[in-house]
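Close look at the chain arrangement
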Amino acid sequence: MDRIRIVGGQRLNGTIPISGAKNATLPLMIASLLTDQTLILDNVPRLADVGLLQRILGNHGVDVMTAGKRPGDDPNSGRTLHISAKHIVDTTAPYELVSKMRASFWVIAPLVARMGEAKVSMPGGCAIGTRPVDLLIMVLERLGTQIEIESGYVIARAKKGLRGGEIVFPKVTVGGTHTALMAASLASGTSVIENAAREPEITDVADCLNKMGAKISGAGTSRIVIEGVPKLNGARHSVLPDRIETGTYAMAVAMTGGDVLLQNARPELLQAALDVIAKTGATVSTTNEGIRITRNGGGIAPVEVTTAPFPGFPTDLQAQLMALMSRAKGTSRITETIFENRFMHVQELARLGARIHLDGETATIEGVEKLKGAPVMATDLRASVSLVIAALAAEGETMVNRVYHLDRGFERLEEKLSACGASIERLSA
Ligand code: UD1
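Please read all numbers here as calculations on a predicted model, not as lab measurements. (Residues numbered from 1 in each chain as written. Predicted model: local features only at pLDDT ≥ 70, side-chain atom pairs only at ≥ 80, totals over all residues. Heavy atoms only, no water.)

**Observations regarding the packing of helix 5 (residues 134-142) against helix 6 (residues 174-185)**
- The interhelical angle for the contact between helix 5 and helix 6, taken along N-to-C directions, is 20°, at an axis separation of 8 Å. Accordingly, the angle class assigned to the pair helix 5 and helix 6 is roughly parallel. Note that helix 5 runs across helix 6; the crossing there is right-handed. On the side of helix 5, the interface is formed by Leu136, Val139 and Leu140, while helix 6 contributes Gly175, Gly176, Thr179, Ala180 and Ala183.
- For the contact of helix 5 with helix 6, a count of residues per class yields five nonpolar, three polar and no charged. (Axes fitted to C-alpha atoms, helices over the stretch in contact; angles between N-to-C directions. Helix = DSSP H or I, 4+ residues; strand = E, 2+ residues; numbered from the N terminus. Parallel < 35°, antiparallel > 145°, perpendicular 65-115°, else oblique. Left-handed = near helix turned anticlockwise from the far one by under 90°. Contact = heavy atoms within 4.5 Å. Nonpolar A, V, L, I, M, F, W, Y, C, P; charged D, E, K, R; others polar.)

**Regarding the sheet that holds strand 6 (residues 92-93)**
- Judged by pairing direction, the sheet is mixed, and its four strands sit side by side in the order 6-7-9-8 without closing on themselves. The outermost strands of the open sheet, each flanked by one partner alone, are strand 6 and strand 8 (146-150). (Pairing = 2+ DSSP bridges.)

**Topic: the domain arrangement of the protein**
- According to the domain assignment, the protein contains domain 1 (3-19 + 241-427) and domain 2 (22-238).
- Distance from the C-alpha centre of domain 1 to the C-alpha centre of domain 2: 30 Å.
- Listed per partner, the contact involves 23 residues of domain 1 and 20 residues of domain 2.
- A combined buried area of about 2000 Å² lies between domain 1 and domain 2, and 52% of that area is made up of carbon and sulfur atoms.
- Among the residues of domain 1 in contact with domain 2, Phe310, Arg408 and Glu411 are the three that bury the most area, contributing 31% of the side total.
- A salt bridge links Arg408 to Asp49, with the nearest nitrogen and oxygen atoms 2.9 Å apart.
- Scanning the region where domain 1 abuts domain 2 turns up six residue pairs in polar contact (both at pLDDT 80 or more).
- Mapped onto the side of domain 1 that touches domain 2, the elements with two or more residues apiece are helix 12 (381-393) and helix 13 (404-409).
- Here the side of domain 1 that touches domain 2 is built from residues that sort into nine nonpolar, three polar and 11 charged. (Domains from an automatic or database assignment. Buried area = accessible area lost by both parts, 1.4 Å probe. Salt bridge = Lys/Arg side-chain N within 4 Å of Asp/Glu carboxyl O. Polar contact = N/O pair within 3.5 Å; in protein donor to acceptor, adjacent residues only side chain to side chain.)

**What to know about the environment of Glu227**
- Among the secondary structure elements, Glu227 is positioned in strand 13 (residues 223-227).
- Its relative accessible area of 42% is what places Glu227 among the partly exposed residues.
- For the pair Glu227 and Leu135, spaced 92 residues apart in sequence, the C-alpha to C-alpha distance is 21 Å.
- Excluding anything up to four places from it in sequence, Glu227 contacts Gly189, Thr190 and Lys215. (Buried < 20%, exposed > 50% of the residue type's maximum accessible area, 1.4 Å probe, protein only.)

**Topic: the nonpolar core**
- Counting residues in hydrophobic clusters, the biggest one holds 79 residues, and the most contacted among them are Leu33, Leu181 and Leu209.
- Aside from chain neighbours lying at most four places away, what touches Leu33 is Leu57, His60, Val62, Ala85, Ile88, Val107, Pro110, Leu111 and Arg114. (Core = buried A, V, L, I, M, F, W, Y, C linked by side-chain atoms within 4.5 Å.)

**Things to note about the packing of aromatic side chains**
- Taken as a whole and assessed by the stated rule, the structure comprises zero aromatic pairs.
- Directly above the aromatic system of Tyr153 lies the positively charged group of Lys119, at a separation of 5.0 Å from the ring centroid. (Phe/Tyr/Trp six-rings, centres within 6.5 Å; stacked < 30°, edge-to-face > 60°. Lys NZ or Arg CZ within 6 Å of the ring centre and 35° of its normal.)

**Notes on the site of the ligand**
- Around the ligand, 21 residues are found, and the nearest of them are Asp134, Leu135, Val174, Asp316 and Ile338.
- Here an oxygen atom of the ligand and a side-chain polar atom of Asn23 are 3.0 Å apart.
- The side chain of Asp316 places a nitrogen or oxygen atom 2.6 Å from an oxygen atom of the ligand.
- If the ligand stood free it would expose 750 Å²; the protein chains cover 90% of that surface.
- Top contributing element to the shell around the ligand by residue count: helix 5, with three residues.
- Here the residues of the shell around the ligand sort into 10 nonpolar, five polar and six charged.
- For the shell around the ligand, the two domains that each supply at least three residues are domain 1 (3-19 + 241-427) and domain 2 (22-238). (Near = heavy atom within 4 Å. Areas by Shrake-Rupley, 256 points an atom, 1.4 Å probe, with all protein chains shown as cover.)

**Observations concerning helix 8 (residues 243-256)**
- The end-to-end C-alpha distance of helix 8, which contains 14 residues, comes to 20 Å, matching closely the 20 Å that a straight helix rising 1.5 Å per residue would cover.
- The N-terminus of helix 8 is capped by Asp242, whose side-chain oxygen sits 2.9 Å from the backbone nitrogen of Ile244.
- Of the residues trailing helix 8, Gly257 is marked for its positive phi of about 85°. (Expected span 1.5 Å × (residues − 1).)

**Quick word on unusual backbone geometry**
- The peptide bond linking Phe310 to Pro311 adopts the cis configuration, its omega dihedral lying at 10°.
- If you trace the backbone, Pro311 turns up in the loop between strand 18 (304-306) and helix 10 (318-325).
- If you check the backbone angles, Ser151 has positive phi at about 45° while not being a glycine.
- Tracing the backbone through its elements, the reader meets Ser151 in the loop between strand 8 and strand 9 (153-157).
- Residue classification places Ser151 among the exposed positions, given a relative accessible area of 69%.
- You will see that Asn264, though not glycine, has its phi angle at about 75°, which is positive.
- Among the secondary structure elements, Asn264 is positioned in the loop between strand 15 (258-263) and helix 9 (271-279).

**Some thoughts on the environment of Val50**
- Looking at the secondary structure, you find Val50 in helix 2 (residues 48-60).
- You can call Val50 buried: its relative accessible area is 0%.
- Between the alpha carbons of Val50 and Lys22 there is a distance of 7.8 Å; along the sequence they are 28 residues apart.
- Aside from chain neighbours lying at most four places away, what touches Val50 is Thr25, Leu26, Met29, Val44, Pro45, Arg79 and Leu81.

Here it is as structure tokens:
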């Protein structure tokens, strides 16, 4: 298994191109199941999760063609995928595939909407606490699906097609909202989603669905109205930039010091996180090309942050902020409200010398003068990148083991960081 070796202590200076968002790419690829025409996606990141979803869709009969290089292509721009679900040959998504990535469970919505049936294994994915699918099932039931749960599979049937309905989420769920958008787009009649997730990836998916002929209004607010249509068509859509990758590199610069342009990043996608980064003492400015982060000298100021659904501070940046706070001048507090147990990085950060005390959903971090390199283990996607950030600022060598989690969500991480002066390399097993 690959490992990443980092020798800390270098400031970061230069430009980091921000890739297309993983969390938009996955539902966009899944949306291809809604139509028998070709969906073309641009700015798709090269990630293990994208490859895995390609296999899952392939199992349903979907062809995914990756466009080759063109003259004058920018090596940093994302790939273009041509996705065609002309014939769906299998409506079952087996355990072997779905268990590797939670978001693949979402195929249930377009499959039942277009084919009237789907059999999808209960999901797996990152080991971050209990991540149930009860609200996704609630959505399908509200739209007229019969659900049975049998031997770890959810069996959904709507032989006469889905019908519009009112969906009121008791808690904000990104996956639940994606499920509702996809299913309601092909239902007969109008659907209303109350307390919908407002994440930018929801808006991106709704924009793409509208290009495909759906009639969705209100995406980006907590009330979305969808007028069902009998059929969707092909379209072309470019994936929005990854706000989590943006925030991750911004925190890396805030930690090591330096001056980095995060190319193609859009501040409105992560304003809450940028405000926190500014409070820690880094300078955040917006240019035509993206977001520029600088920190010169001066210490890292402690902050108090609670994760929340968008537009709040994202849970997917919580581990990275904790790495940054481990070197703050003083005590900071981070409260995680979205996922229970999303603190697996705490023990590993402690191996580098961080002082973190956990009490329920709140972590108290006593900033230390110095972190010291050590062997650490990546346990989930965001936790692993927090170890990379901490290692960049630690004295000496850190070996990050089990990096496959990083490859799921961060495109060419070592290349992007080493281009800015970091001493980081991948050791292939
Ligand atoms: C998505 C993101 C993930 C991010 C998370 C929260 C993708 C591919 N993943 O995950 O990176 O961390 O949003 O921003 O986009 N819940 C239920 N029942 C359900 C569904 C969810 O109780 O049926 C709970 C979850 O346990 C969690 C909360 O709702 O406590 C939010 O989860 P949700 O927004 O659904 O996360 P995902 O869509 O899985």
